[in-house]
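A closer look at the structure
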Amino acid sequence: MEGNWALTCKRPRLEQRSRIVQTIRSFFVQRHYLEVETPHRTPGNAPEAYIDPIGSDGWFLHTSPELCMKRLLAAGYRRLFQICRCWRAGERGARHLPEFAMLEWYAAECDYHHLMTECEELLRLLVPSGRLAYGNRNIDLSRPFERLTVAEAFRRHAQLDLAEALVAGHFDEQLTLHVEPHLGQLQPTFLTEYPTELAALARSHPTRPGVAERFELYVAGMELANAFSELTDVREQRRRFDIEETLRREAGKPPYPVPEKFLAELSAMPEAAGIALGLDRLVMLLTDAESIDQVVAFPPELL
Amino acid sequence: MLSTSDLRKGTKLMIDGEPHVIVQFDFTKPGKGQALYKCKLRNMISGSLFDRTYRSGETFEPATLQECDMQFLYRDESGYVFMDQKSYEQVTLPEEALGEQKYFLVDNMEVKILMFGERGIGITLPNFVNLRVTQSEPWVKGDTAAGNNKPATVASGYTLQVPSFVEEGTLIQIDTRTGEYVTRVKE
């Protein structure tokens with residue numbers, strides 16, 4: 001048998017992927033971010049009702065490195081980034097792999113507006129022409145990206161307004177089926193001001209009750225990154241973890257231990273903002289790939 | 001019962017007492033939110049296509065269809081004719097029931113016929129089939145870059161992408177589940 005030709009054909013995208021990762025590293029290093037590595041296998045994740053872990057010998061593969069990243073912030077590391085693999089059980093589709101690559105970065109004494117600016121600068125560095133060709137779209141990166149609140153996005157695109165969708169339990173369905181496809185089509189969109197109950201680790205907005213300082217970045221209808229002004233109120237954090245963990249256990253999911261070390265150190269954490277960006281999806285956008293399978297050498301089905 | 005994690009292209013479900021097959025599937029999920037499973041389904045009896053979106057927690061009755069080992073005999077105006085090698089009973093499937101699979105049928109190929117009562121409503125092919133390239137542009141000398149491809153048509157009339165070094169007359173192996181080139185076959 002000759003070599004695996006389908007794998008050979010991925011070479012141009014895998015070469016571009018390697019260059020993209022190098023550019024990302026240089027972006028953060030120039031800004032004095034420290035690159036760190038935290039354990040992939042941990043006793044438990046930050047509890048979230050709809051993110052399921054993969055077990056590993058009594059512990060869990062991490063679904064995101066956020067708890068360890070914030071413990072580093074609390075210990076005085078002011079600018080941090082990490083490029084790592086994360087695992088989420090059952091997530092497989094044209095934009096999902098159960099094992100995927102994540103870029104996370106955190107900045108002390110900043111809020112989520114700082115991260116919006118950095119997203120704009122990072123994407124412009126990766127696309128020097130300022131025009132991103134993806135499918136039949138031509139997305140303008142040169143102007144400030146669109147800022148759109150969740151409430152306004154629902155008014156424009158959903159079948160229900162935001163309050164109705166929340167009460168009826170149809171928020172995710174409306175967002176996925178009716179709102180997301182419209183976002184980030186002409187220029188990237190920051191979807192901002194999430195309802196507090198949808199932002200377990202985000203700080204509440206100082207002047208707008210019921211709203212958290214969380215945004216998601218969308219490009220070409222694709223969710224690319226999720227960011228918060230981080231919650232630093234230990235009691236509030238414990239309360240929100242309890243709510244999420246109760247939901248998880250009611251759904252029969254494997255229990256997480258309460259992340260006591262994280263909660264204890266959280267009181268020492270400075271005001272900070274943090275963001276998680278799907279690296280495979282970013283590579284999809286930059287290499288004009290329709291499926292996440294095209295930007296990784298080995299999707300799980302081919303192992 | 002099946003759960004949403006069993007849904008994928010090719011999964012067969014009973015809906016309103018009739019077998020359906022998922023012909024297109026996508027998993028979507030807001031990072032922090034609930035998953036949705038978007039399916040295009042084909043009613044295996046009527047052939048009609050429709051879209052359905054399912055949410056986590058829903059359950060499904062699997063369509064357990066009787067499968068019969070049969071051999072492909074020939075094609076005529078009524079459709080594709082298969083025969084059970086033991087009972088010599090014959091079953092005819094209309095072209096619509098095969099879709100793209102018709103391109104991967106080779107004379108005397110042993111396949112599984114999915115039965116609904118006495119009726120053949122679908123077919124399971126071997127995972128790989130060998131077909132000869134009948135038409136493809138010649139290889140351009142000097143074009144040695146890895147992963148270069150070109151279209152080629154095989155004996156059944158099916159067109160697919162192949163590596164540029166594959167020439168007319170070459171026997172190639174195709175994955176019948178994806179319709180993609182796998183390798184050249186040594187003769």
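Further up the page is the structure itself.
Residues numbered from 1 in each chain as written. Chains lettered and ligands numbered in written order. Predicted model: local features only at pLDDT ≥ 70, side-chain atom pairs only at ≥ 80, totals over all residues. Heavy atoms only, no water.

This paragraph deals with the interface of chain A and chain B. Residue-level contacts link 29 residues of chain A with 26 residues of chain B. Summed over both partners, the interface of chain A with chain B comes to about 2300 Å²; 55% of that surface belongs to carbon and sulfur atoms. A per-residue breakdown of the area chain A buries against chain B is headed by A:Glu2, A:Trp5 and A:Tyr50, which together make up 28% of the total. Inspection of the region where chain A meets chain B yields three salt bridges. Note that A:Glu91 and B:Lys29 form a salt bridge whose closest N and O atoms lie 3.3 Å from each other. At the boundary of chain A and chain B, one finds nine residue pairs in polar contact (both at pLDDT 80 or more). Breaking the side of chain A that touches chain B down by element, the ones donating at least two residues are α1 (5-8), α7 (171-179) and β12 (222-229) of chain A. At five residues, the largest contribution of residues to the side of chain A that touches chain B is made by α7(A). Tallied by class, residues from the side of chain A that touches chain B come to nine nonpolar, eight polar and 12 charged. (Contact = heavy atoms within 4.5 Å. Buried area = accessible area lost by both parts, 1.4 Å probe. Salt bridge = Lys/Arg side-chain N within 4 Å of Asp/Glu carboxyl O. Polar contact = N/O pair within 3.5 Å; in protein donor to acceptor, adjacent residues only side chain to side chain. Helix = DSSP H or I, 4+ residues; strand = E, 2+ residues; numbered from the N terminus. Nonpolar A, V, L, I, M, F, W, Y, C, P; charged D, E, K, R; others polar.)

The full count for this structure, using the stated rule, is 37 salt bridges over all chains. The partner of A:Arg143 in a salt bridge is A:Asp140, with the nearest N and O atoms 2.9 Å apart. Residue classification places A:Arg143 among the partly exposed residues on the basis of a relative accessible area of 45%. B:Arg55 serves as the salt-bridge partner of A:Glu173, at 3.2 Å between the closest nitrogen and oxygen. Taken as a pair, A:Glu173 in helix α7 and B:Arg55 in strand β5 (residues 49-55) lie in two separate chains rather than in one. Connected via shared salt-bridge partners are A:Glu146, A:Glu152, A:Arg155 and A:Arg156. (Buried < 20%, exposed > 50% of the residue type's maximum accessible area, 1.4 Å probe, protein only.)

For the rest of this paragraph, the subject is the packing of aromatic side chains. Taken as a whole and assessed by the stated rule, the structure comprises 18 aromatic pairs over all chains. Counting every residue linked through ring pairs, the aromatic cluster contains A:Phe27, A:Phe28, A:Tyr33, A:Phe81 and A:Trp105. For the cation-ring pair, A:Arg248 lies above A:Tyr256, with the distance from its terminal atom to the ring centre recorded as 3.7 Å. B:Arg177 extends its terminal NZ or CZ atom over the ring of B:Phe128, reaching a point 5.4 Å from the ring centre. (Phe/Tyr/Trp six-rings, centres within 6.5 Å; stacked < 30°, edge-to-face > 60°. Lys NZ or Arg CZ within 6 Å of the ring centre and 35° of its normal.)

So, on to the pairing of strand β7 (residues 66-76) of chain B. All names here are of chain B. Relative to strand β10 (residues 110-116), β7 runs antiparallel, the two being bridged by six bridges. Paired with Cys-68 across the bridge in β10 is Ile-113. In the sheet, β7 pairs with strand β8 (residues 79-83) via five bridges, with the strands oriented antiparallel. Following the sheet pairing, Phe-72 is matched in β8 by Phe-82. Joining the antiparallel neighbours β7 and β8 is a turn of two residues. (Pairing = 2+ DSSP bridges.)

Residues and elements named next belong to chain B. What the five strands build is an open sheet, ordered β14-β13-β12-β15-β16; its pairing is antiparallel. Here the strands that pair on one side only, and so sit at the sheet edges, are β14 (159-163) and β16 (180-184). With direction set aside, neighbouring strand axes in the sheet form an average angle of 55°. Looking at chain direction, strand β12 (residues 128-136) and strand β15 (residues 171-175) are connected through five bridges and run antiparallel. Within β15, the residue paired with Arg-132 across the bridge is Leu-171. (Axes fitted to C-alpha atoms, helices over the stretch in contact; angles between N-to-C directions.)

Time to look at the pairing of β15(B). Residue and element names in this part refer to chain B. Counting buried positions along β15 yields four of five residues, so the element is predominantly enclosed. As defined by bridge partners, β15 adjoins β16 across four bridges and the pair is classed as antiparallel. Across the sheet, the residue bridging to Asp-175 is Glu-180, located in β16. Once β15 ends, the chain turns through four residues before running back antiparallel as β16, passing Gly-179 with a positive phi of about 75°.

Below, the discussion takes up empty space enclosed by the protein. Under the definition given, this model contains one cavity of 30 Å³ or more. Space inside the largest cavity adds up to approximately 450 Å³. As for the largest cavity, its lining consists of 34 residues, and the residues nearest its centre are A:Arg88, A:Phe100, A:Met102, A:Glu223 and B:Gly31. Breaking the lining of the largest cavity down by element, the ones donating at least two residues are α3 (66-74), β6 (99-108), β12, β13 (272-278) and α10 (279-286) of chain A. For the lining of the largest cavity, the per-class residue count stands at 14 nonpolar, six polar and 14 charged. (1 Å grid on protein atoms, 1.4 Å probe; cavity = no way out; pocket = protein on both sides within 12 Å on 5 of 7 lines; lining within 4 Å. Points joined across faces, edges and corners; volume = space filled by probe spheres on them.)

Ranked by internal contacts, the top residues of the largest apolar core, which has 54 residues, are A:Ile24, A:Phe28, A:Leu103, A:Trp105, A:Phe215, A:Leu217 and A:Leu282. The greatest single-element share of this core, amounting to seven residues, is contributed by helix α4 (residues 112-126) of chain A. With near-sequence residues (within four places) excluded, A:Leu103 lies in contact with A:Ile24, A:Phe28, A:Phe81, A:Gln82, A:Ile83, A:Leu122, A:Ile275, A:Ala276 and A:Leu277. One finds B:Leu98, B:Met115, B:Ala152 and B:Ile172 within the second-largest nonpolar core, a separate group that totals 30 residues. (Core = buried A, V, L, I, M, F, W, Y, C linked by side-chain atoms within 4.5 Å.)

All names here are of chain A. Contact pair helix α2 (residues 11-30) / α10: the axes reach a minimum separation of 10 Å and the direction vectors enclose 115°. Every pair of crossing elements has a handedness; the one defined by α2 and α10 is right-handed. Residues Gln-16, Arg-17, Ile-20, Val-21 and Ile-24 of α2 form the contact with α10, whose participating residues are Leu-279, Asp-280, Leu-282, Val-283 and Leu-286. Partitioning the contact of α2 with α10 into residue classes produces seven nonpolar, one polar and two charged. (Left-handed = near helix turned anticlockwise from the far one by under 90°.)

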